[in-house]
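What the coordinates show
Each chain, letter by letter, is given below.
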Amino acid sequence: MSFRKKGAGMSEFRQKIERGFETFTHLIYRWRWVVLLLMLSVAAGLASQMPRLTSATSNESFLRSDDPILLAYNNFRDQFGRDELIIIAIQPPDVFDLEFLKKLKALHEDIEAKVPHVNEITSLVNARNTRGESDQLIVDDLLEKWPQNQDDLMVLKKRVMSNPLYLNRLISEDGRFTTIVIQTNSYSDEGNDLDVTSGFDDAEKSSNDSQKAEPAFLTEKENAAVVMSINKIVKLYQGDDFHLYLAGSPVVTTMTKISMKKDMMLFIILAVLTIGLCLFLMFRRLSGVVLPLLIVILTLISTLGLMALTGAPVTTVTMVLPSFILAVGVGASVHILAIFYRYLGKTGKKKDSIIHAMGHSGLAIVMTSLTTAAGLASFSTAEVASVADLGVFAGVGVMLALFYTIILIPALLAIIPIKAKSRPQDHRSLFDRFFDKITDFSTGHPRVIVAASVALIIISLIAATRLNFSHDVLKWQPEKSPVRIATQKINDELKGSVTLEVILDTGRENGLYDPVILKKLDRLAEEIEQIEQGNLFVGMASSVADILKEIHQALNENRPEFYSIPDNPKLIPQEFLLFENSGSDDLEDVIDSRFQIARFTIKVPWLDALKYAPFIKNIDTRFRAAFGKDADITITGLMTLFCRALTAAIHSMGKSYLIAAGVITIMMILLIGSLRIGLISMLPNLAPIIVIMGVMGLFGLPLDMFTMLIGSIAIGMVVDDTVHFMHNFRRYYHDTSDVTEAVRQTLHTAGRAMLVTSVVLSIGFFVLMLASMNNVFYFGMLTGITILLALLADFLLAPALMAIVIKPHIRNNKEV
């Protein structure tokens, strides 16, 4: 069926919309100063919220607040404190040397005195030393009695190297490395002692005069203060004979945040400069540079203001938002200005040119903004909180850019003086000659182009089968970054810095006095410490059973054969009581006060979350098999957050790709007014994404939290050029009844804007390649390439498809 037959009603509807844009523009022209003041007032109001903007880079920030995995992790932190430890690994010439030990003690005491928000610091200086003396249980610090000579040092070395609770935690197995382990407070010091009252309606107040605020966990600001204070101290002590490595999840989080802030400012500056240069090269007019830049800057400020207003933080994912908005938001302005300047050059009438440009391009830019927003909105239901925020606020940014463009651009064009630049009738610019060659080639060899495109798509689909998923926040850092080097060193020498926590609930008070349960915990620790799956191995597995064995040995003349769980159940509560009476509070770290719930900690190297999933399943299976119905088992800890972030991202990616493709296809069909042409027009949009996925598979680049976004973001953006191409092609084919001529006129009018907007978009993403974080580098590179591939598809594949689909006998009837 033809455009005319099948789409007559749709065409008439489109014409009404175009006339509506002309009428709307006429009103803006008339009330231009009022419109300008109103728009600037809106932007200023949103900009005033920007100081409230916060950032979030913690592992918890990836998940939604009601995610079951995060809720379980928060419950664990409530009971046992943070499992995210800061580790300082120290490599001296000799750990058991008096001078080194003095320096270690000084470092320990400096951290204790100068670092805020610290709950506990553990090193060889104050490691728990449990022993029996004259029928008494003594629990004191390891170096409470300072060694005086070489003999004392040898005794100390023997004691340290024979204590399994020290190995791979405070001392490496070969004795070359020692550590200082720092546990921060679970809760924030900000406002936790304040009483909160409603202050609005007495009927809503509780019966109490005040209501205690729920304690908040340690904030990222406080976490950063801890890390930066420690880092400052570490630099003072760093030396050839005292080599320090600072690592741990809080350090990775803080370094990521620092990199993110530094990169964001760089991205904004470079994006503005490169976009400005591209606009100048295209228009050769100051207004052609200033107006689009004003639109995108107002859009960026307004979007960030909305984020602040709604309490949405800037995360490691949404940090790309400024570059994205600066690049994407300029497109609509470019298309309007391209038509405006062209018509102004022909007629010399500014008002008519403004109205004509809006009537010509208004519907197209609305549709392109809607398709881009639809692609982004597909992320809004993502299980990964930061990805959902990106979908929401990037989509909002696109619509704000549309809002400012269709209102402010006509008003500003009406206000500022602009001279018409006419050109000779026979003048053909470099762009015109370039587009003529593109037209002749694409419509002259359509079957070759389509066949080559299909072959490339098939090859890419095959290569894409090699894609792997990944989530490794540490690998986002450069290979030579100190935190990455330190983490790898701790992986190698101390067998890891990431923990998996197993919470065992016996369901009854004093359930942990049962020797059967304690022996099962002990046996599981021995089995789990033997696990080795390639580069995933267990560095340590510990629980309350280890403390009990330590007590039992001490109470039996420190003899090694008594390092075991007592067989007599009556001894267990007595031994625990003696331990508590010794003054140690270490039991609080591994059990609750009712002796009902126990914590079992497993330490492994920092690896890609993909490798943790089968390990977690293995541990869960082992515990459930061992305890059956005798205890409830909950798996939590930092490792589960990594895995949940990865699985949530995978689920979100699949869903968002389907939603984005489906919604955009429907929009294309509605815009074009033909089911067949609408479906065919999606091929130039999907092909670049398939090709880039094939490239990733070919070069072994993983699908991580960032590269997973490419498909949905790209399809929303690359469809813009297809919309402009099809919108203009439909108009010119209706006038000429000739595919080649329709393509030629389309490229001569919309082609230059398509080229410039695609170049601007790609540069906006290529700027991200200057990021200090690897994940942002690859995201920027791959998305930029995808946009250029999409432009190539719109210049070659789209015209070729029209040449094949629109048959000669149909062309004569103006059918498509």
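Residues numbered from 1 in each chain as written. Predicted model: local features only at pLDDT ≥ 70, side-chain atom pairs only at ≥ 80, totals over all residues. Heavy atoms only, no water.

1. Structural notes on the layout of surface pockets
Approximately 1,100 Å³ is the volume attributed to the largest pocket. Contributing elements (two or more residues each) for the lining of the largest pocket: strand 3 (118–122), strand 5 (136–141), strand 6 (178–184), strand 11 (498–505), strand 14 (540–542), helix 18 (544–554) and strand 15 (597–604). Split by residue class, the lining of the largest pocket holds 13 nonpolar, 17 polar and 17 charged. (1 Å grid on protein atoms, 1.4 Å probe; cavity = no way out; pocket = protein on both sides within 12 Å on 5 of 7 lines; lining within 4 Å. Points joined across faces, edges and corners; volume = space filled by probe spheres on them. Helix = DSSP H or I, 4+ residues; strand = E, 2+ residues; numbered from the N terminus. Nonpolar A, V, L, I, M, F, W, Y, C, P; charged D, E, K, R; others polar.)

2. Observations regarding empty space enclosed by the protein
What the rule picks out here adds up to four cavities of 30 Å³ or more. Taken as a whole, the largest cavity holds about 230 Å³ of empty space. Taken together, 23 residues form the lining of the largest cavity, with V328, G331, A332, T368 and D720 sitting closest to its centre. Among the secondary structure elements, those contributing two or more residues to the lining of the largest cavity are helix 11 (330–347), helix 12 (350–377), helix 13 (385–415), helix 24 (710–736), helix 25 (739–766) and helix 26 (774–805). With five residues, the single largest contributor to the lining of the largest cavity is helix 24. One number sums up the size of the second largest cavity: a volume of about 60 Å³.

3. Here we look at the sheet that holds strand 9 (residues 243–247)
Two orientations exist for strands paired in a sheet by backbone hydrogen bonds: parallel and antiparallel. Spatially, the four strands line up as an open sheet ordered 3-6-2-9, and their pairing is antiparallel. Edge positions in the sheet fall to strand 3 and strand 9, since each has one partner strand and no second. Adjacent strand axes in the sheet meet at a mean angle of 15°, parallel and antiparallel pairs treated alike. Relative to strand 9, strand 2 (residues 86–91) runs antiparallel, the two being bridged by five bridges. Residue pairing for strand 9: I90 is matched across the bridge by L244. Its contacts with the sheet put helix 5 (residues 98–114) on strand 2, strand 3, strand 6 and strand 9, and the angle it makes with strand 6 is roughly 10°. (Pairing = 2+ DSSP bridges. Axes fitted to C-alpha atoms, helices over the stretch in contact; angles between N-to-C directions. Contact = heavy atoms within 4.5 Å.)

4. Remarks on the sheet that holds strand 14
Ordered by their spatial adjacency, four strands build an open sheet running 14-15-11-16, and the pairing between neighbours is antiparallel. Two strands in the sheet have a free side with no partner beyond their single neighbour: strand 14 and strand 16 (632–636). Between one strand axis and the next, the sheet turns by 15° as a mean value, whatever way the strands run. Two strands pair when backbone bridges link them, and strand 14 and strand 15 are joined in this way by three bridges, in the antiparallel orientation. Bridge pairing in strand 15 links M540 to K603.

5. Some remarks on the pattern of salt bridges
A full pass over the atoms with the stated rule returns 29 salt bridges. The partner of R77 in a salt bridge is E60, with the nearest N and O atoms 3.0 Å apart. Pair noted here: R77 is in helix 4 (residues 68–80) and E60 is in the loop between strand 1 (55–56) and helix 4, with a separation of 17 residues, a long-range link. This pair shows no difference in class: R77 is buried, exactly as E60 is. Where K519 meets D567, a salt bridge forms, and the shortest distance between an N and an O atom there is 2.3 Å. (Salt bridge = Lys/Arg side-chain N within 4 Å of Asp/Glu carboxyl O. Buried < 20%, exposed > 50% of the residue type's maximum accessible area, 1.4 Å probe, protein only.)

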